[in-house]
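Breakdown of the fold
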Amino acid sequence: MRESLDRAVLRLEQAGVADEALADFVHRRRILGMERAPVMVPIGRVWPLGVLLLGRDGSLHATGKITRAVPAGYPGYQSPGLEVRRGYRAAAHAGKFAEGDTVNFDTAEIVLAELDARSTPLFVEGGEARVRWNPTNLAQSRALDAYLDDRVGLLVDSA
């Protein structure tokens, strides 16, 4: 698995494919009883590969939520979902990201040494690393090498 991930990183770097920010969504402490707005704290850079996020160091995360670091604008109170997303944009904008940067957060780190047949989205079955993109249908999976080759190819071809 490590070799496959290292090859993918090398291929993405050589092609100059743009990466995206990886962040932690942090609820800040109150100061003098005043609530402070949440902020996103940068923790790295990743390439989006479908259900996986690949770090420049070869680390993996399962895809979580995505937003952009742009001004949130004014509340529209159109729907609760829109207001939640507006809050995510505000938190990303308050973080140390470039204006307009895509920010991935609420992700789960994938530890290669802890994978088994029940892991998702990356798992090991019969000694082979596989990617499951639909957690409700365990039969839908693909070998990690083929999955990375396809996903990295899409990014390289569009760069």
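First things first, this report covers the structure right here in the doc. (Residues numbered from 1 in each chain as written. Predicted model: local features only at pLDDT ≥ 70, side-chain atom pairs only at ≥ 80, totals over all residues. Heavy atoms only, no water.)

1. Details of helix α1 (residues 2–15)
Look at α1: 20 Å from first C-alpha to last across 14 residues, which is about the 20 Å you get at 1.5 Å a residue. Listing the buried residues of α1 in full gives S4, L5, A8, V9 and L12. In an axial view of α1, the angular spread of the buried residues amounts to 135°, which keeps them on one side of the axis. Turned more than 90 degrees from where α1 packs its buried face, E3 and Q14 sit exposed. After α1 finishes, the residue G16 shows a positive phi value of roughly 70°. (Helix = DSSP H or I, 4+ residues; strand = E, 2+ residues; numbered from the N terminus. Expected span 1.5 Å × (residues − 1). Buried < 20%, exposed > 50% of the residue type's maximum accessible area, 1.4 Å probe, protein only. Arc of directions from axis to C-beta.)

2. So, a nonpolar patch on the surface
Taken together, the side chains of I31, L32 and M34 define a hydrophobic patch exposed on the protein surface, amounting to about 370 Å² of accessible area. If you trace the backbone, I31 turns up in the loop between β1 (20–26) and β2 (39–49). By relative accessible area, which is 40% here, I31 ends up partly exposed. (Patch = residues over 30% accessible without salt bridge, like charges linked within 9 Å, V, L, I, M, F, W, Y side chains within 5 Å. Areas by Shrake-Rupley, 256 points an atom, 1.4 Å probe, with all protein chains shown as cover. Salt bridge = Lys/Arg side-chain N within 4 Å of Asp/Glu carboxyl O.)

3. Comments concerning the sheet that holds strand β10 (residues 141–143)
Pairing between the strands of a sheet comes from backbone hydrogen bonds, and it takes one of two forms, parallel or antiparallel. One open sheet holds the three strands; their spatial order is β8-β9-β10, and the pairing between them is antiparallel. Strands with a single pairing partner mark the edges of an open sheet, and in this sheet they are β8 (122–125) and β10. Taken over all neighbouring pairs, the strand axes of this sheet differ in orientation by 40° on average, direction set aside. Note that strand β9 (residues 128–132) and β10 share three bridges and pair antiparallel. Each bridged residue has a counterpart across the sheet, and for R132 the counterpart in β10 is S141. (Pairing = 2+ DSSP bridges. Axes fitted to C-alpha atoms, helices over the stretch in contact; angles between N-to-C directions.)

4. Some thoughts on the pairing of strand β6 (residues 102–105)
The alternating pattern of β6 places T102 and N104 and V103 and F105 on opposite faces, both of which are buried. Alignment of β1 against β6, held across two bridges, turns out to be parallel. Bridge pairing links L22 to N104 in β6.

5. Some details on the nonpolar core
In terms of nonpolar packing, the biggest core is built from 21 residues, with L52 and L54 touching the most fellow members. Those elements giving two or more residues to this core turn out to be α1, β2, β3 (52–55), β4 (60–62), β9 and α3 (144–158). Counting residues per element, this core draws most heavily on α3, which supplies five residues. Look past the residues within four positions of L54 in its chain and what remains in contact with it is L5, A8, V9, L12, R45, V46, W47, L49, S59 and L60. (Core = buried A, V, L, I, M, F, W, Y, C linked by side-chain atoms within 4.5 Å. Contact = heavy atoms within 4.5 Å.)

6. Remarks on the sheet that holds β2
The strand order across the open sheet built from seven strands is β5-β6-β1-β2-β3-β4-β7, with neighbouring strands paired in mixed fashion. Looking along the sheet, the strands with just one partner apiece sit at the ends: β5 (65–68) and β7 (108–110). Between one strand axis and the next, the sheet turns by 45° as a mean value, whatever way the strands run. Across the face of the sheet, α1 comes into contact with β2, β3 and β4 while running at roughly 75° to β3. Strands in contact with α3 are β2 and β3; relative to β2, the strand with the most contacts, it is inclined by about 105°.

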